[in-house]
Amino acid sequence: MHIAHRQRSSAAEELELIAPSKLAIEDVSKSFKGASGAVLALDRVSLNVAEGEFVCLVGASGCGKTTLLNIIAGLEKPDSGTVCTDGKPVTGPGRERLVMFQEPALFPWLNVFGNVLFGLKLKPNLTNKDRHDVAKYYLELVGLSRFERANIHELSGGMKQRVSLARALAPNPRMLLMDEPFAALDALTREQLYGDLQRIWKARNKTIVFVTHNVREAACLGDRVIVFSPRPGRIREEFAVDLPRPRDINSVDLAVHATEITKALKSYSQLEVAIAE
Amino acid sequence: MKRFLLAALFFAVLLMIWEALFRAKIWSPVLLPSPRQVAVYLEGAAVDGTLVKATIVTMRRLLVGYIIGLLAGLPLGLLTARWKVWQDTIGTLALGLQTLPSVCWVPLALLWFGQTEAAMLFVVVMGTLWSVVIATETGVRNVPPIYRRAALTMGSKRLHIWFKVILPSALPFIVSGMKQGWAFAWRSLMAAEIFVTILTGFGLGQLLHYGRELSAMEQVIGIMIVIVVIGLLADKIFFSPIEKFLHRRWGTSQA
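Residues numbered from 1 in each chain as written. Chains lettered and ligands numbered in written order. Predicted model: local features only at pLDDT ≥ 70, side-chain atom pairs only at ≥ 80, totals over all residues.

### Examining the overall build of chain B
Alright, step 1. Within chain B, the regular secondary structure consists of 10 helices and zero strands.
Alright, step 2. Reading chain B from its N end, one meets helices and strands in the order α-α-α-α-α-α-α-α-α-α.
Alright, step 3. Its C-alpha atoms give chain B principal-axis dimensions of roughly 75 × 50 × 30 Å.
Alright, step 4. Relative to its full complement of 255 residues, chain B shows a buried share of 34%.
Alright, step 5. In chain B, once contacts between residues fewer than 6 apart in sequence are set aside, the share between residues at least 24 apart is 74%. (Helix = DSSP H or I, 4+ residues; strand = E, 2+ residues; numbered from the N terminus. Buried ≥ 20, exposed ≤ 12 C-beta atoms within 10 Å, placed from the backbone. Contact = placed C-beta atoms within 7 Å.)

Next up, the structure:
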């Protein structure tokens, strides 16, 4: 009787809101060996992200924003500097920081449900029934309950990214790291996902670091927008976006912010050109 | 149903052409028996048990050797994909030996093992092994790195990644390697059975050989048909369902 009760509560426990992460990045540098010598991808980058904050990193391609995301994820190691989540240094990948990639990294040998279940199966303290219930909850949250038995190749690009989102959310991470997850989608699907992501972020209370080169997207999603410049990758400026949510990507207020950020971005890339000349 | 009828019609026509050629008496009936004579031989051999016994002997040799080849080939393929040292040594060896027609192992096996079951087994294992090694290695190398990264962030570790990510991801390659290994093993076993007459078992290849010795063409053709049918059945019963599943899951098209 007691055991049965504990099993029942476990799925619910698993779905309970947990405190989102606090992130502290200090003086992180990273260089890569390229064909033309070492390239400084990140040059003494420092950034703090508050619990439950939605932060967007924007910049031209090659500015190191994806490298920074990979370092936060623990997939790459910085040459120097530290990354701490909730006061503890990041030493490797871990499921409290899940990543959503630009290309859907869904596993083609599993169906939609199997993909969402993958991360849950790696959580030891759950029964199979709990895992099942949790996976169902997240598929419902991203609006794909009807497709749980579908094969991955049968889904549209937008649906694949929804499944990726469900898979990243399912193990209940404290932080989501998103690397241009909507870049390959058409505009209409993207707009829909902006709405969904804002709703899910509020509902599940996560810290989100979101990398993009789309300024409007950054202004629409972020509490703060961090502007990067390339070669060497540096943080140049940051903008607080204090518009009420949920935000509409087409709103005029948002366009004002986006214009301001774009102006800053351009000035840094011109700066770069001037230095090069 | 329509497809089945069409296929049935095709084979009926083939039989009719054969019968017509026989009746035209272009070749001596010793060289070209009628379909009926072959059927009579097959029926007789089936009733007195030679056919069943020979099939069992052959299939046992094939399956034992094939399974050994698979069990050795899979881990070797994984090792060659994972570590450079293995790739440069076993990998290169596998690549070289795979180009060697597996029939070429028969003389060596005969000298090493004599007229024994071990010689048969050796030839079948050699036929299977290298294809499986190479297919596994290729499959593992073709796993998109992003799968590994995604699995890592979800808390998957070394062995878990190998079994739950890399192996399943390489499955289409591995299955085609298994199929090729099967084909090579089957061919080399037939060659070995024709060359090697041993007393521990009388396989299909040996029946074929004695058919020739006795100039019993209906036996030669009858056994050839049996061999073809076994090959077809292995494909339809074992490989086809797996391939269908892979095509459905991965979305690679198959009509």
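On we go.
### Regarding the interface of chain A and chain B
Alright, step 1. The interface of chain A with chain B comprises 20 residues on the first partner and 16 residues on the second.
Alright, step 2. Those elements that place two or more of their residues in the side of chain A that touches chain B are β6 (97-100) and α3 (112-121) of chain A.
Alright, step 3. The residue makeup of the side of chain A that touches chain B, split by class, is 13 nonpolar, four polar and three charged. (Nonpolar A, V, L, I, M, F, W, Y, C, P; charged D, E, K, R; others polar.)

### Concerning unusual backbone geometry
As a rule of thumb, non-glycine residues mostly have phi less than zero, and peptide bonds are mostly trans rather than cis.
Alright, step 1. Cis geometry is adopted by the peptide bond preceding P246(A), which originates at R245(A) and carries an omega value of -5 degrees.
Alright, step 2. Structurally, P246(A) can be placed in the loop between β10 (234-240) and α8 (252-276).
Alright, step 3. Phi is positive for D86(A), which is not a glycine, with a value near 50 degrees.
Alright, step 4. A positive phi angle, close to 55 degrees, is found at K25(B), a residue other than glycine.

### Regarding the packing of helix α3 (residues 50-82) of chain B against helix α4 (residues 84-99) of chain B
All names here are of chain B.
Alright, step 1. Contact geometry of α3 with α4 gives a least axis separation of 6 Å together with a crossing angle of 135 degrees. By the angle class used here, α3 and α4 are oblique. Counted together, L76, L79 and T80 of α3 and W86, Q87, I90 and G91 of α4 form the full contact between these two elements.
Alright, step 2. For the contact of α3 with α4, a count of residues per class yields four nonpolar, three polar and no charged. (Axes fitted to C-alpha atoms, helices over the stretch in contact; angles between N-to-C directions. Parallel < 35°, antiparallel > 145°, perpendicular 65-115°, else oblique.)

### Re the nonpolar core
Alright, step 1. Membership of the largest hydrophobic core comes to 81 residues, with the highest contact counts inside it found for V58(A), I72(A), A166(A), L177(A), V225(A) and I261(A).
Alright, step 2. Apart from residues lying up to four places away in sequence, L177(A) is in contact with L69(A), I72(A), A73(A), R97(A), L98(A), V99(A) and V209(A).
Alright, step 3. Among the nonpolar cores identified, the runner-up in size contains 37 residues, and L78(B), A119(B), V132(B) and F173(B) belong to it. (Core = buried A, V, L, I, M, F, W, Y, C linked by C-beta atoms within 7 Å.)

### Quick word on the sheet that holds strand β4 (residues 80-85) of chain A
Residues and elements named next belong to chain A.
Alright, step 1. Taken in spatial order, the four strands of this open sheet run β2-β1-β4-β5, and their pairing is antiparallel. With partners counted over all chains shown, the strands left at the sheet margins are β2 (37-49) and β5 (88-89), one partner each.
Alright, step 2. Both strand β1 (residues 23-34) and β2 contribute to a ladder of nine bridges, which runs antiparallel. Bridged to V28 within β2 is V45. (Pairing = 2+ DSSP bridges.)

### Some remarks on the environment of A7(B)
Alright, step 1. By the element assignment, A7(B) lies in helix α1 (residues 2-24).
Alright, step 2. Considered as a pair, A7(B) and R141(B) are 134 residues apart in the sequence and their alpha carbons are 40 Å apart.

### What about the confidence of the model for chain A?
Alright, step 1. Residues of chain A with pLDDT of at least 70 account for 94%, and the chain-wide mean is 86.
Alright, step 2. A low-confidence stretch, residues 1-8 of chain A (pLDDT under 50), is modelled with one contact involving residues beyond four sequence positions or located in other chains. (pLDDT = per-residue confidence, 0-100.)

### Considerations on the sheet that holds β6(A)
All names here are of chain A.
Alright, step 1. Reading across from one edge, β6-β7-β8-β3-β9-β10 is the order of the six strands in this open sheet, with mixed pairing throughout. For this open sheet the edge positions go to β6 and β10, each flanked by a neighbour on one side alone. The average undirected angle you get between the axes of adjacent strands in this sheet is 20 degrees.
Alright, step 2. Bridging between β6 and strand β7 (residues 175-179) involves four bridges; their strand directions are parallel. In the sheet register, L98 faces β7, and the bridge partner there is L176.

### Overview of the environment of E140(A)
Alright, step 1. Take E140(A): it is sitting in helix α4 (residues 128-141).
Alright, step 2. Residues E140(A) and P232(A), spaced 92 residues apart in sequence, show a C-alpha to C-alpha distance of 43 Å.

### Let's talk about the packing of helix α9 (residues 204-213) of chain B against helix α10 (residues 217-250) of chain B
Residues and elements named next belong to chain B.
Alright, step 1. Where α9 meets α10, the axes come as close as 8 Å, and the angle between the chain directions of the two elements is 160 degrees. The pairing of α9 with α10 is recorded here as roughly antiparallel in orientation. The element α9 and its partner α10 pack so that their crossing is left-handed. Only Q219, V220, I223, V226 and I227 of α10 make contact with α9, whose side of the interface consists of L204, L207, L208, G211 and R212.
Alright, step 2. When grouped by side-chain class, the residues that make up the contact of α9 with α10 number seven nonpolar, two polar and one charged. (Left-handed = near helix turned anticlockwise from the far one by under 90°.)

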